[in-house]
Amino acid sequence: QVQLVESGGGLVQPGGSLRLSCVASGSIFSIYVGGWYCQAPGKERELVASITNGDITNYADSVKGRFTISRDSTKRTLYLQMNSLKPEDTAVYYCNARRPYSGTYVGNWGQGTQVTVSS
C-alpha cells in the first residue's frame, strides 16, 4: 500500500495563499489520476482538484481560478497552490490517486493538513 503525507496547511487571513504538498511512497502520480480533497466539519470529503498523468486538470467550481494543482512525478509529489483564500475553504485537505476506470483509490489516506482561513 502506498502511504501519503500531506503538509503545508496553516492559518491564513482571507485573501492569503498557501501551497500544499503531498509526498507518496510510490510513483502513483505518474500513473494514476492525482487529486486533492477537502473535508470540512460535518461534511463529506469532496474533490477539489485533479490532474491526470497527461497533466489534464479539473477543478471544483468553487476553486476555479484560485487553486492550481500540479505534480512532480520524479519527486512523487502532488501540489496545490491556493490563492485568494476564503473562509469557506477552511477544511482538512487530503491527497490521493485514483485508477481511471474503476475509480478506486490507490493510496492509504493520510492525516491530511488543516487549512484555516480566518481574520
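Residues numbered from 1 in each chain as written. Predicted model: local features only at pLDDT ≥ 70, side-chain atom pairs only at ≥ 80, totals over all residues. Heavy atoms only, no water.

### Observations concerning the overall build of the chain
Then step 1. A tally of helices and strands in the chain yields 0 helices and 10 strands.
Then step 2. In sequence order, the secondary structure elements of the chain are arranged as β-β-β-β-β-β-β-β-β-β.
Then step 3. Here the chain has a C-alpha radius of gyration of 13 Å; the compact-globule value for 119 residues is 14 Å, and the two agree.
Then step 4. Taking the principal axes of its C-alpha atoms as reference, the chain extends roughly 40 × 25 × 25 Å.
Then step 5. Every one of the 119 residues in the chain was classed for burial, and the buried ones make up 43%.
Then step 6. For the chain, the centre of its 11 positive side-chain charges and the centre of its 8 negative side-chain charges are spaced 5 Å apart. (Helix = DSSP H or I, 4+ residues; strand = E, 2+ residues; numbered from the N terminus. Rg over C-alpha atoms; globule rule 2.2 N^0.38 Å. Buried < 20%, exposed > 50% of the residue type's maximum accessible area, 1.4 Å probe, protein only. Lys, Arg positive; Asp, Glu negative; His and termini not counted. Charge placed at Lys NZ, Arg CZ, Asp CG, Glu CD.)

### With respect to the sheet that holds strand β10 (residues 113-117)
Then step 1. One open sheet holds the 6 strands; their spatial order is β2-β10-β9-β4-β5-β6, and the pairing between them is mixed. A single partner strand is all that each edge strand has here, and the edge strands are β2 (10-12) and β6 (57-59). Each strand axis lies, on average, 25° off the axis of its neighbour in the sheet, ignoring direction.
Then step 2. Bridging between strand β4 (residues 33-39) and strand β9 (residues 91-98) involves 7 bridges; their strand directions are antiparallel. When the sheet's bridge partners are listed, Trp36 is paired in β9 with Cys95. (Pairing = 2+ DSSP bridges. Axes fitted to C-alpha atoms, helices over the stretch in contact; angles between N-to-C directions.)

### Considering the nonpolar core
Then step 1. In this structure, Trp36, Leu80, Met82 and Tyr93 are the most contacted members of the largest nonpolar core, which totals 29 residues.
Then step 2. Put simply, the parts of the chain that give this core at least two residues each are β3 (18-24), β4, β5 (46-51), β7 (67-72), β8 (77-82), β9 and β10. (Core = buried A, V, L, I, M, F, W, Y, C linked by side-chain atoms within 4.5 Å.)

### Observations concerning the environment of Met82
Then step 1. Mapped onto the elements, Met82 comes out in strand β8.
Then step 2. Excluding its chain neighbours within four sequence positions, the residues that come into contact with Met82 are Gly16, Ser17, Leu18, Leu20, Arg66, Phe67, Tyr93 and Val115. (Contact = heavy atoms within 4.5 Å.)

### A few points about unusual backbone geometry
Then step 1. Phi at Asp55 takes a positive value of approximately 65°, unusual for a residue other than glycine.
Then step 2. If you trace the backbone, Asp55 turns up in the loop between β5 and β6.
Then step 3. You will see that Ser84, though not glycine, has its phi angle at about 50°, which is positive.
Then step 4. Counting through the fold element by element, Ser84 comes out in the loop between β8 and β9.

### A few points about the pairing of β10
Then step 1. Judged by which residues are buried, β10 turns out to be one-sided: Thr113, Val115 and Val117 face inward and are buried, whereas Gln114 and Thr116, on the alternate face, are not.
Then step 2. Both β2 and β10 contribute to a ladder of 3 bridges, which runs parallel. Looking at β10, one finds that Leu11 is bridged to Thr116.

### Structural notes on the environment of Arg66
Then step 1. Residue placement: Arg66 occurs in the loop between β6 and β7.
Then step 2. When the C-alpha positions of Arg66 and Ser84 are compared, they lie 6.1 Å apart, and in sequence the two are 18 residues distant.
Then step 3. Once you skip the residues sitting within four places of it in the chain, Arg66 turns out to touch Gln81, Met82, Asn83, Ser84, Leu85, Lys86 and Asp89.
Then step 4. Polar side-chain contacts of Arg66 include one of 2.9 Å to the backbone oxygen of Ser84.
Then step 5. Within polar-contact distance, the side chain of Arg66 engages the side chain of Asp89 at 2.8 Å. (Polar contact = N/O pair within 3.5 Å; in protein donor to acceptor, adjacent residues only side chain to side chain.)

Just distances and angles here, no functional claims.
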